[in-house]
Amino acid sequence: SQCNIGAQSLGICYGGIADNLPPATDVITLYTTNGIGKMRIFDPNQATLQALKGSNIEVIVGVVNNDLQGLATSLATANTWVQTNIIPYPDVKISYIAAGNEIKPSDPLAQYVGPAIQNLNNAITASNLQIKVSTVIDMSLLGNSSPPSAGSFSDSASSYINAIVSILVSTNAPLLANVYPYIAYTSDLNIKLDYALFTSPGVVVQDGNLGYQNLFDAILDSLYSALEKIGGADLTVIVTESGWPSDGDSGVAATIVNAGTYYKNLISHVKNGTPKKPGPLETYLFAMFDEDQKGPAEIEKHFGLFSPTKEPKYQLTFT
């Protein structure tokens, strides 16, 4: 419904690197009762896809990084992947396929990302499906990000991201990006906490006629600027992860209060987009649950919005 458009831009990542999470059917119920309309999963988990049948939840389905080489080098493998993981679920609303997560240009797998996207795209098209295929990048690909208008990709990332962007432009698919002000804040002593938590009382960075009151907008707009410089001005960016840990860095910034503030403000903020690109911004909070087997950093275990017993960690409204 039209009045609900803001809520529809919000999703939550459902990761499962844990040994104590509820069954997928319970998780789907938890999404539904909380009015969470979008989900990202990191692999085509069959139990999750089964549980999603008949729900109205839109889902981004991930391709695990180690599958990229096979998908890139064989159209038959890509067809099999689609036949196995997508075709059996016509009553699941699959919005995007994410071919790889945070592959770095220096990674041996980097050469396979573009061809994997193309082969999966061909397999999807051959099956008469309307699902866009993309990949998920992180912000380490940016060489310059300050001020946002000067955003550009690093020299080492440029051939990698150029190839991907040209494919996405030709297939009219969005770029998927993970945006973590927490990481920027904890790695740069010059950044103030309120700028990272959306609580700055006024403009912190003036960039031409655009004023930045929070770090999330500054990071994302520097990505938009970088994309403009390589022919990606018209690409839609979907934020496939953003979150803040509640523990695990000895109280530096990972606290329940800070994380709760971050999530609450992010939820209300993404309805309006950024100074450069106003309008609802499709964004996925990371993550649904604390995952006790994640690592190696301790903070990795503390990104959950819910505990494994389904108790909410924060007082948040997702609609």
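In what follows, the accompanying structure is described.

Parameters at a glance
Residues numbered from 1 in each chain as written. Predicted model: local features only at pLDDT ≥ 70, side-chain atom pairs only at ≥ 80, totals over all residues. Heavy atoms only, no water. Phe/Tyr/Trp six-rings, centres within 6.5 Å; stacked < 30°, edge-to-face > 60°. Helix = DSSP H or I, 4+ residues; strand = E, 2+ residues; numbered from the N terminus. Buried < 20%, exposed > 50% of the residue type's maximum accessible area, 1.4 Å probe, protein only. Polar contact = N/O pair within 3.5 Å; in protein donor to acceptor, adjacent residues only side chain to side chain. Contact = heavy atoms within 4.5 Å. Pairing = 2+ DSSP bridges. Axes fitted to C-alpha atoms, helices over the stretch in contact; angles between N-to-C directions. Parallel < 35°, antiparallel > 145°, perpendicular 65-115°, else oblique. Left-handed = near helix turned anticlockwise from the far one by under 90°. Nonpolar A, V, L, I, M, F, W, Y, C, P; charged D, E, K, R; others polar. Salt bridge = Lys/Arg side-chain N within 4 Å of Asp/Glu carboxyl O.

**What to know about the packing of aromatic side chains**
- Scanning the entire structure with this criterion turns up 13 aromatic pairs.
- Between the aromatic rings of Y182 and W244, the centroid separation amounts to 5.1 Å while the plane-to-plane angle is 75°, which identifies the pairing as edge-to-face. In this pair, Y182 is assigned in helix α7 (residues 181–187) and W244 in the loop between β11 (237–242) and α10 (256–269), connecting sequence segments 62 residues apart.
- Exposure remark for Y182: the relative accessible area of 4% places this residue in the buried category.
- An angle of 35° between the planes, with centres 5.3 Å apart, marks the rings of W244 and Y262 as tilted. Separated by 18 residues along the polypeptide, W244 in the loop between β11 and α10 and Y262 in helix α10 bring together distant segments of the chain.
- One aromatic cluster is present, built from ring pairs that chain together Y182, Y185, F198, F216, W244, Y262, Y263 and Y314.

**Some details on the side chain of R40**
- With respect to the secondary-structure elements, R40 resides in strand β2 (residues 38–41).
- Its relative accessible area of 2% is what places R40 among the buried residues.
- Here T240 takes part through its backbone oxygen, which lies 3.2 Å from a polar atom of the side chain of R40.
- The residues touching R40, leaving out its near neighbours within four places in the chain, are I12, C13, Y14, I60, N101, V136, N178, T240, E241 and Y284.

**Points about the sheet that holds strand β1 (residues 10–13)**
- With parallel pairing, 8 strands are arranged side by side around a closed barrel as β1-β2-β3-β4-β5-β8-β11-β12. Direction aside, the axes of adjacent strands within the sheet are offset by 25° on average.
- Pairing analysis gives 6 bridges linking strand β3 (residues 58–63) to strand β4 (residues 93–101), with the strands arranged parallel. Looking at β4, one finds that I60 is bridged to Y96.
- On the sheet, helix α9 (residues 215–228) packs against β5 (132–138), β8 (175–178) and β11 and is oriented at approximately 140° with respect to β11.

**Some words on the environment of N122**
- Tracing the backbone shows N122 in helix α5 (residues 110–126).
- Overall, N122 belongs to the partly exposed group, its relative accessible area being 41%.
- Measuring from C-alpha to C-alpha, the distance between N122 and A78 comes to 8.4 Å, with 44 residues separating the pair along the chain.

**Things to note about the packing of helix α4 (residues 75–85) against α5**
- Here α4 crosses α5 at 55°, and the two axes come no closer than 8 Å. In terms of orientation, α4 and α5 fall into the oblique class. Seen along the crossing, α4 lies across α5 with a hand that is right-handed. The segment α4 lies against α5, with L75, A78, N79, W81 and V82 engaging N119, L120, N122, A123 and I124.
- Split into classes, the residues belonging to the contact of α4 with α5 amount to 7 nonpolar, 3 polar and no charged.

**Examining the packing of α5 against helix α6 (residues 155–171)**
- Following both chains from N to C, one finds α5 and α6 inclined at 10°, their axes separated by 9 Å at the closest point. Judged by the inter-axis angle, α5 sits roughly parallel to α6. Here A110, V113, G114, I117, Q118 and N121 of α5 lie close against α6, whose contacting residues are Y160, I164, I167 and T171.
- Residues that form the contact of α5 with α6 fall into these classes: 6 nonpolar, 4 polar and no charged.

**A look at the pattern of salt bridges**
- Counted by the stated rule, this structure contains 7 salt bridges.
- Note that R40 is salt-bridged to E241, the shortest N-O span being 3.0 Å. Of the two residues, R40 is situated in strand β2 and E241 in strand β11; the sequence distance between them amounts to 201 residues.
- When the shortest N-O distance is used, the salt bridge between K104 and D138 registers 2.6 Å. Highlighted residues: K104 in the loop between β4 and α5 and D138 in strand β5, separated in sequence by 34 residues.

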